[in-house]
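Here's the letter readout for the chains.
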Amino acid sequence: MSNSYRLLPLSATQSPRADQSILRRFSLAKWQRHRIFVFSLLALLSLSVLNLLHPIVPALFTRSIDWDDRADQVRKSFLYAYSNYERYAYPHDELLPLSASYVDNFNGWGVSIIDSLDTMYLMGLTPQFKRGLLHVAAVNFTLPTHVFAPFFETTIRYLGGLLSAYALSGEPLLLARADELGEALLPVFSSPSGLPYFGINPKTGQPRHGAARGRILFAEIASCQIEYKYLAHLTGKTKYFHAVDKIIGIMEKGQREDGMWSTFWNTSSGEQLNDHVSVGAWADSSYEYLLKGYLLSNRTETRLMSLFKSSTKGILQNLLYLSPTRSLLYPTDLNRGYPSGRFEHLSCFYPGLLAIGVPEIYPLDPALAEKMSWAAEGMAWSCYIMYGDQVQGGRGSGLGPDEARMDRVAYNKTLHGLGGEGGGERQDVWEKKNGRWWDIVEEWKRESKTAGRWGKMRGKPPGVGNLASVWNTETKKDGVKRDYVANIDSYLLRPETIESIYIMWRTTRDPIWREKGWEIFQSLERTTRQKNGYASVLSVAPDPDRGFPISNEKTSKPMPVDSMPSYALAETWKYLFLLFKEDDPVPMDRWVFNTEAHPLPVFDWKDWEKAEYGIRS
């Protein structure tokens, strides 16, 4: 080696050993001065590599999973449920799995059969589907003169089930029976306003008010749009279209300034009766059918899109809140402008609806579409968390409660919009702006732009960018609160969370949603499977200290309820199956699910129909 490569020249008195000692001391000093720079450089390089790999990392970790095998496990689970129905309850409405008996609670027409025809068809269960067709051929859509069919449930379960099975299979019998049922139910629209009555006797045509005489729920007045309009298109009967489209006119005239509609309506006058708004049980599917009616008509009924856009903005501005501890994003209801803090399982359909609506809204209002995308992700995660919180290290049910009462949050103007103690026990201490997500996002955007370079926002807002971890015994030890009390802690085999998880997977392709769906399916199998089918559960959310009531100390399962609703066959197992199935038999650009998960195909109105119905695309 030449001297030109030496760091220090050797003096006459220095030995090579002394030179090496100097070099070691020099290198150590240089390393101490520059080690922070080196570590920082390595960290930046690591982050860059991870950022490049981010789109493919999930695939690398999930490549070994056989998702079709998981779909087959769901198929076997459904078959176990339906086989027990056939064994102990056929041809009645629903199975009572604990008593190995049946109940006729939806007209006695075999709702479990008709509600699950399309599920059987999609799963390739041909023998069961053919036996279902025999039932459809034989069933008599009549009732004793003193008995009335509930219009809402009869439409979404029976009429929707028949139409979907027809669309998938092409069996003429199914359309013929759907037309017959649609005719029998049509007098329900004979009120002075044109709004439907609660029920109808299909034999006499006599309508009837419900228990709240003269009043009807918002969900019950407009959750018939896509079934009757599709039936009008198939049969050419214009009366089907005109009957249900009149309701849209009433909604246009009665839309509140905040873009929403009240939950109670007067059947005769068509007026709204209260100052209560929600996307839960009393309103849900009427909001849902605005977007889905627009999509089903191949985007030609533009006034439905206009109503969906304005109502969505109103819901996002007023009904979405954050919890104080883990920033769980959830929808609640407002009574006279004040939030109740109720988080219903039924409202967990809403993030899926937003996810479907994002590409439709984006060309019209990009800023609103961005908030919809954030809200869909945050709320869907919160809906999952309600399940994940109940796992409790394998000792819990792993199933979500029917309703939770969320902790209150004191609004504080910080970047995260959170701070302070709970708001007390009285309803009126909750200010309208208190913890409201829309306001927090607007503040986050302002502060994020100020903090970010070139005025651009960084990351995602509170409730989305900081997705919560599940609450368990370990987080409890750390003093983390659960954010809520499960005030209705039953699990009724409901589908809404799985529905939104399925849609989030199909729209984002993020495998985390499939994994969370698989967790829920495993919990469903572990907790609800019984000797003669699957049963609802009395209590899924154990007391953090005492646990939950159990029926069998050896299995430590929550106490079951003697009920297997038909919607579990129509929705819960279907969404799980489609979530795991690799190919997509009902792609969302060509099929629209009704609120009972019955897929109907997107269609084009004929020219004469557009002229008759005043549709201008």
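Residues numbered from 1 in each chain as written. Predicted model: local features only at pLDDT ≥ 70, side-chain atom pairs only at ≥ 80, totals over all residues. Heavy atoms only, no water.

**Concerning the UniProt feature "binding site: Ca(2+)" (unreviewed entry) in the protein chain**
Applicable threshold: UniProt positions are given in the numbering used here, feature names are shortened, and annotations may be inferred rather than shown by experiment. Counting from the N terminus, the helices are DSSP H or I runs at least four residues long and the strands are E runs at least two residues long. Relative accessibility under 20% of the residue-type maximum defines a buried residue, over 50% an exposed one, and the middle range a partly exposed one, all with a 1.4 Å probe and only protein chains included. Polar contacts, as counted here, are pairs of nitrogen or oxygen atoms within 3.5 Å of one another; within protein the pair requires one atom able to donate a hydrogen and one able to accept it, and residues that are adjacent in sequence qualify only if both atoms are side-chain atoms.
In this structure's numbering, the residues bearing the UniProt feature "binding site: Ca(2+)" (unreviewed entry) are T595. Along the chain, T595 turns up in the loop between β22 (591-593) and β23 (599-601). Exposure remark for T595: the relative accessible area of 18% places this residue in the buried category. A polar side-chain atom of T595 sits 2.9 Å from a polar atom in the side chain of E288.

**Some words on the environment of Y230**
Defined as follows: Contact criterion: two residues are considered in contact whenever any of their non-hydrogen atoms come within 4.5 Å of each other.
On the secondary structure map, Y230 appears in helix α10 (residues 225-235). Assessed through its relative accessible area of 4%, Y230 is described here as buried. Sequence separation between Y230 and P601 is 371 residues; the distance between their C-alpha atoms is 8.8 Å. Those residues in contact with Y230 that lie beyond four places of it in its chain are L163, Y166, A167, L296, L600, P601 and F603.

**With respect to the packing of helix α8 (residues 172-185) against α10**
For any two helices packed against each other, the geometry is given by the interaxial angle and the distance between the axes. Note the following rule: Interaxial angle, 0 to 180 degrees, is taken between N-to-C directions of lines fitted to C-alpha atoms, where a helix line uses only the stretch in contact. An angle below 35 degrees is treated as roughly parallel, one above 145 as roughly antiparallel, one from 65 to 115 as roughly perpendicular, and anything else as oblique. What makes a crossing left-handed is the near helix being turned counterclockwise from the far one by less than a right angle; a clockwise turn instead makes it right-handed. We call Asp, Glu, Lys and Arg charged. Ala, Val, Leu, Ile, Met, Phe, Trp, Tyr, Cys and Pro are nonpolar, and the rest, Gly among them, are polar.
Where α8 contacts α10, the axes come no closer than 11 Å and their chain directions differ by 120°. Judged by the inter-axis angle, α8 sits oblique to α10. The handedness of the crossing between α8 and α10 is left-handed. Only Y228, L231, L234 and T235 of α10 make contact with α8, whose side of the interface consists of L175, A178, D179, G182 and L185. Class assignment for the residues of the contact of α8 with α10 results in six nonpolar, two polar and one charged.

**Considerations on the side chain of E377**
Within the fold, E377 resides in helix α15 (residues 366-388). For E377, the side chain forms a polar contact with the side chain of K460, separated by 2.8 Å. Contacts of E377, omitting those with residues within four sequence positions, involve K460, V464, L467, M504 and W513.

**Some details on the sheet that holds strand β4 (residues 199-200)**
Keep this limit in mind: For two strands to be treated as a pair, DSSP must find at least two bridges joining them.
Ordered in space as β3-β4-β5, the three strands form an open sheet in which the pairing is antiparallel. The open sheet has two edge strands, β3 (149-150) and β5 (207-208), and neither has a second partner. When β4 meets β5, the two strands line up antiparallel, connected through two bridges. The residue bridging G199 from the neighbouring strand is R208, located in β5.

**What about the packing of aromatic side chains?**
Defined as follows: Side-chain rings of Phe, Tyr and Trp, where Trp is taken by its six-membered ring, are said to pair if the distance between their centres is within 6.5 Å; with planes under 30 degrees apart they count as stacked, over 60 as edge-to-face, and otherwise as tilted.
The full count for this structure, using the stated rule, is 34 aromatic pairs. Judged by centre distance (6.5 Å) and plane angle (75°), the rings of F78 and W573 are edge-to-face. Here W573 lies in helix α20 (residues 566-580) and F78 lies in helix α3 (residues 67-88), a separation of 495 residues in the sequence. Under the relative-accessibility criterion, F78 is labelled buried at 0%. The interplanar angle of 80° and the centroid separation of 5.3 Å between the aromatic rings of F151 and F189 together place this pair among those described as edge-to-face. Here F189 lies in the loop between α8 and β4 and F151 lies in helix α7 (residues 151-169), a separation of 38 residues in the sequence.

**Some details on unusual backbone geometry**
Note the cis peptide between Y90 and P91, where omega equals 0°. You will see that R336, though not glycine, has its phi angle at about 55°, which is positive. Here R336 shows up in the loop between β11 (334-335) and β12 (338-339). The exposure class assigned to R336 is exposed, which follows from its relative accessible area of 65%. One non-glycine residue, R509, lies in the positive phi region at around 60°. Along the chain, the position of R509 falls in the loop between α18 (496-508) and α19 (511-528).

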